[in-house]
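Here are the chains, one letter per residue:
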Amino acid sequence: MSTEETTPSNFIRTIINDDLESGRFAGPIHTRFPPEPNGYLHIGHAKSICLNFGLAQDYPGGLANLRFDDTNPLKEEQEYIDAIIEDVRWLGFDWGDRLFYASDYFPKLYQYALKLIENGVAYVDDLTADEIREYRGTLTKPGKNSPYRDRTTAENLDLFHRMKVGEFKDGSRVLRAKIDMASPNINMRDPVLYRILHATHQRTGDDWCIYPMYDWAHGQSDSIEGITHSICTLEFEDHRPLYDWFIEQIGIFHPRQIEFARLSLTYTLMSKRKLLRLVQDGHVTGWDDPRMPTLSGFRRLGYTPQSIRTFADRIGVAKSNSTIDFSVLEHAIREDLNEHAPRAMAVLQPLKLVVENYPEEMVEEFEVKTHPQDRDDTETRVVPFSREIYIEQDDFMEDAPKKFFRLAPGREVRLMGAYYVTCNEVIKDDQGNVVELRCSYDPESRGGQSPDGRKVKGTLHWVSAKHAVAAEVRLYQPLFTKENPEDVEDGQDFTSNLNPNSIEVLPACMLEPSLAEAVPGRGYQFMRQGYFCLDSVDSTPEKLVFNRTVSLRDTWAKVNTK
RNA sequence: UGGGGCGUCGCCAAGUGGUAAGGCAGCGGACUUUGAAUCCGCCAUUCGUAGGUUCGAAUCCUUCCGCCCCAGCCA
């Protein structure tokens, strides 16, 4: 953790400070990150993770738990649990020995339900799902009481017990809280506590055939764990009265719930359900496709945990729905990689350049700095130079405008760390494509500086042809063509905004030899182009595959399009 | 026509009665063996609207306008 900046103040910290001052809670603060294991974590979850674990780190004695809200065995899988654990760890957070599952509390929750029944505030309802919906009323019309609402305690106890032991079919009965069918808050209209589901749970197996609803499990789980501040997203704001009601009825520790706005990012989809669809329908190669906004996708793309933490700190926390510009994220990763990534030269779209006056068999080895951005860093690497090299196709233009600082007929440029070279002749194929450049070099400019002090405006990266290491490089564009992927015509869905050019594969790139030793998981700057990393899935020593994490800022491209 | 939230620069976001922080983006310029990075400037007389209270309001009160969420035996 290098350049940690002061976390800006936000309304949650204000509330916590007040609570600490008033002594509302006996001890230090305690938060938790409570994912449902029904998909992979995405950048939106990172905001919540950084918030919850960050708060615990910042306040003396603070603690943060990781708890899986695993109350729906139909949608949850062990694969997701494993992936989530890996991702939170990767992000850099630690929950000590406090890894919990809502399913740990199934027995306790059952006892709480019994208590509600005994207190006459819960009942077994035989209405069908459709009937329950009808009885619930609408946003503007109050609901009406179920005919089963006034069963006796004894009858409820008996029925609930029989639900638990498996006497009834899925969906035939539910346990409901008895609150107020006319409440303006729909969450208070006798919410369902338990449903019958003869399903095998990934952790509790076949121990249960009734499973608690999220609303019934969540608040109590927080209470059981002694969570002081239950931080969740805005849509749960009007569930808070219900959670408060449960806690009061049962008479247990009362956490304080605080709601904040979830993250939205331009060009990014942030719904697990829809991300799952992208995976299932094959629009991407998997949850860890580098184009996915999942943590595993960003990791594979080359994002660092630090960059994501920095991002989370910078975007702030508030209650207004907002959409962060993707450039904020890009800035965070560039900032981190600029400081730490070793530099190297790589030619993505090679154009052959022959230095005509350079001896045929001669090879020189130039020692160049690996971290030229850091004056004090002395690490170097060796790059070989020879008569035939590759430069970038974009670095040559036959009819170049004055502002084009690169190679053109008759113009002189510097080959980074090597020599000045002047273009004498352009060789084309039958179609008129430029296939080779014939140049001459100035032996006096060895190392990239001329003793006569003459300046060249352009400096190009290059790779010696006979020493080059071949590689495949994958360039990525946003997965969607619209800032808001959900902005669609009637009858369409977000898949109509999928970007057909979200991935571009460059099969024949030429890298400087040092890159053959590239370390998996490490980011490299391909000078003048961007930051790249080995693809953790497809790269092999025989066939290197690099992903472009993010390009360098390119003001020339901007000027050029004007 | 119900309930719950939110409205401060293009995008985020501080500010909590004393006269509008910061980041991203953008725009100038310096420097540069990465058209990168770095540096230096510029970028809200105004806080959704209209009134009111006050010596003084983005902050307090009222009005209106706009946007988001809620009718799963999902979370």
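A. Molecular detail of the protein's contact with RNA strand B. The environment of RNA strand B is made up of 68 residues, and the closest members are Ser-9, Arg-343, Phe-405, Gly-447 and Thr-555. The protein-proximal atoms of RNA strand B, defined as those within 4 Å of the protein, are 65% sugar or phosphate. Here Lys-403 contributes a backbone N or O atom positioned 2.8 Å from a base nitrogen of RNA strand B. Contact between RNA strand B and Gly-417: a base oxygen at 3.0 Å from a main-chain N or O atom of the residue. At the level of elements, α5 (129-135), β6 (192-196), α11 (305-315), α12 (326-340) and α13 (555-560) are the ones that each hand at least two residues to the surface near RNA strand B. Classifying every residue of the surface near RNA strand B gives 23 nonpolar, 25 polar and 20 charged.

B. View of the sheet that holds strand β2 (residues 63-68). The parallel open sheet is built from 3 strands, whose spatial order is β1-β2-β3. With partners counted over all chains shown, the strands left at the sheet margins are β1 (30-33) and β3 (99-101), one partner each. Taking each pair of neighbouring strands and ignoring which way they run, the sheet shows an average axis angle of 35°. As judged from the 3 bridges shared by β2 and β3, these two strands associate in the parallel manner. Residue pairing across strands places Phe-68 opposite Tyr-101, the latter belonging to β3.

C. View of the packing of helix α4 (residues 106-118) against helix α8 (residues 240-250). Axis separation between α4 and α8 bottoms out at 10 Å; the angle between their running directions is 80°. Taken together, the axis directions place α4 and α8 in an arrangement best described as roughly perpendicular. Residue-level inspection shows Tyr-112, Lys-115 and Leu-116 of α4 in contact with α8, the latter providing Trp-245, Gln-249 and Ile-250. Here the residues of the contact of α4 with α8 are counted per class, giving 4 nonpolar, 1 polar and 1 charged.

D. How the structure looks around the environment of Val-354. Looking at where Val-354 falls in the secondary structure, it is placed in strand β12 (residues 350-355). On the basis of relative accessibility, which here comes to 1%, the residue Val-354 falls in the buried class. Setting aside anything within four residues of it in sequence, one finds Val-354 in contact with Arg-387, Glu-388, Glu-436, Leu-437, Arg-438 and Cys-439.

E. Examining the confidence of the model for chain A more closely. Averaged over every residue, the pLDDT of chain A is 96; the share at 70 or more is 99%. Here the predicted complex scores 0.96 on pTM and 0.97 on ipTM.

F. Representation of the nonpolar core. Within the largest apolar cluster, 40 residues are counted, with the highest numbers of intra-cluster contacts made by Ile-43, Ile-49, Phe-53, Val-88, Leu-91, Ile-308 and Phe-311. Discounting residues that sit within four places of it in the chain, Val-88 has contacts with Phe-33, Leu-41, Ile-49, Phe-53, Phe-93 and Trp-95. If you look at the next biggest cluster of nonpolar residues, it comprises 35 residues, including Tyr-110, Leu-175, Ala-177 and Cys-232.

G. How the structure looks around the packing of α4 against helix α6 (residues 153-164). One can describe the packing of α4 onto α6 by two numbers: an axis separation of 9 Å at closest approach and a directional angle of 160°. In terms of orientation, α4 lies roughly antiparallel with respect to α6. Seen along the crossing, α4 lies across α6 with a hand that is right-handed. Across from Tyr-110, Ala-113, Leu-114, Ile-117 and Glu-118 in α4, the residues of α6 making contact are Thr-153, Asn-156, Leu-157, Phe-160, His-161 and Lys-164. Taken together, the residues of the contact of α4 with α6 sort by class into 6 nonpolar, 3 polar and 2 charged.

H. Representation of helix α3 (residues 78-91) in the model. In this model α3 runs 20 Å from its N-terminal to its C-terminal C-alpha over 14 residues, within 8% of the 20 Å that 1.5 Å per residue would give. For α3, the complete set of buried residues consists of Tyr-80, Ile-81, Ala-83, Ile-84, Ile-85, Asp-87, Val-88, Trp-90 and Leu-91. Positive phi shows up at Gly-92, right after α3, with a value of about 110°.

I. Broad picture of the packing of aromatic side chains. One pass over the structure, following the stated rule, counts 27 aromatic pairs. Ring centres 6.1 Å apart and planes at 80° place the aromatic pair Tyr-80 and Trp-287 in the edge-to-face group. In this pair, Tyr-80 is assigned in helix α3 and Trp-287 in the loop between α9 (272-280) and α10 (295-301), connecting sequence segments 207 residues apart. Of the two residues, Tyr-80 and Trp-287, neither departs from the other in class, the shared state being buried. Members of the aromatic cluster, joined through ring pairs, are Phe-106, Tyr-110, Phe-160, Tyr-194, Trp-208 and Tyr-211. In this arrangement the basic side chain of Lys-164 is found over the ring face of Tyr-110, its NZ or CZ atom lying 5.0 Å from the centre. One Lys or Arg, Lys-457, reaches over the ring of Phe-405 and ends 4.9 Å from the middle of that ring.

J. Here's a closer look at the pattern of salt bridges. With the rule as written, the count across this model stands at 49 salt bridges. Across the pair Asp-58 and Arg-13 runs a salt bridge, and its minimum N-O distance is 2.7 Å. Placement of Asp-58 in helix α2 (residues 43-58) and of Arg-13 in helix α1 (residues 11-22) is noted, with a sequence separation of 45 residues between them. Among the salt bridges present, the one from Arg-474 reaches Asp-538, with a minimum N-O distance of 2.8 Å. You can see Arg-474 sitting in strand β21 (residues 469-476) and its partner Asp-538 sitting in the loop between β24 (530-534) and β25 (544-551), a full 64 residues away along the chain. Taking relative accessible area as the criterion, Asp-538 reaches 32% and is therefore assigned partly exposed.

K. Unusual backbone geometry, seen in detail. The phi dihedral of Asp-190 falls on the positive side, at around 45°, and the residue is not glycine. Look at Tyr-267: it is not a glycine, yet its phi comes out positive at around 60°. Take Tyr-267: it is sitting in the loop between β9 (256-260) and α9. Taking relative accessible area as the criterion, Tyr-267 reaches 30% and is therefore assigned partly exposed.

Reading the values: rules and limits
Residues numbered from 1 in each chain as written. Chains lettered and ligands numbered in written order. Predicted model: local features only at pLDDT ≥ 70, side-chain atom pairs only at ≥ 80, totals over all residues. Heavy atoms only, no water. Near = heavy atom within 4 Å. Polar contact = N/O pair within 3.5 Å; in protein donor to acceptor, adjacent residues only side chain to side chain. Helix = DSSP H or I, 4+ residues; strand = E, 2+ residues; numbered from the N terminus. Nonpolar A, V, L, I, M, F, W, Y, C, P; charged D, E, K, R; others polar. Pairing = 2+ DSSP bridges. Axes fitted to C-alpha atoms, helices over the stretch in contact; angles between N-to-C directions. Parallel < 35°, antiparallel > 145°, perpendicular 65-115°, else oblique. Contact = heavy atoms within 4.5 Å. Buried < 20%, exposed > 50% of the residue type's maximum accessible area, 1.4 Å probe, protein only. pLDDT = per-residue confidence, 0-100. Core = buried A, V, L, I, M, F, W, Y, C linked by side-chain atoms within 4.5 Å. Left-handed = near helix turned anticlockwise from the far one by under 90°. Expected span 1.5 Å × (residues − 1). Phe/Tyr/Trp six-rings, centres within 6.5 Å; stacked < 30°, edge-to-face > 60°. Lys NZ or Arg CZ within 6 Å of the ring centre and 35° of its normal. Salt bridge = Lys/Arg side-chain N within 4 Å of Asp/Glu carboxyl O.

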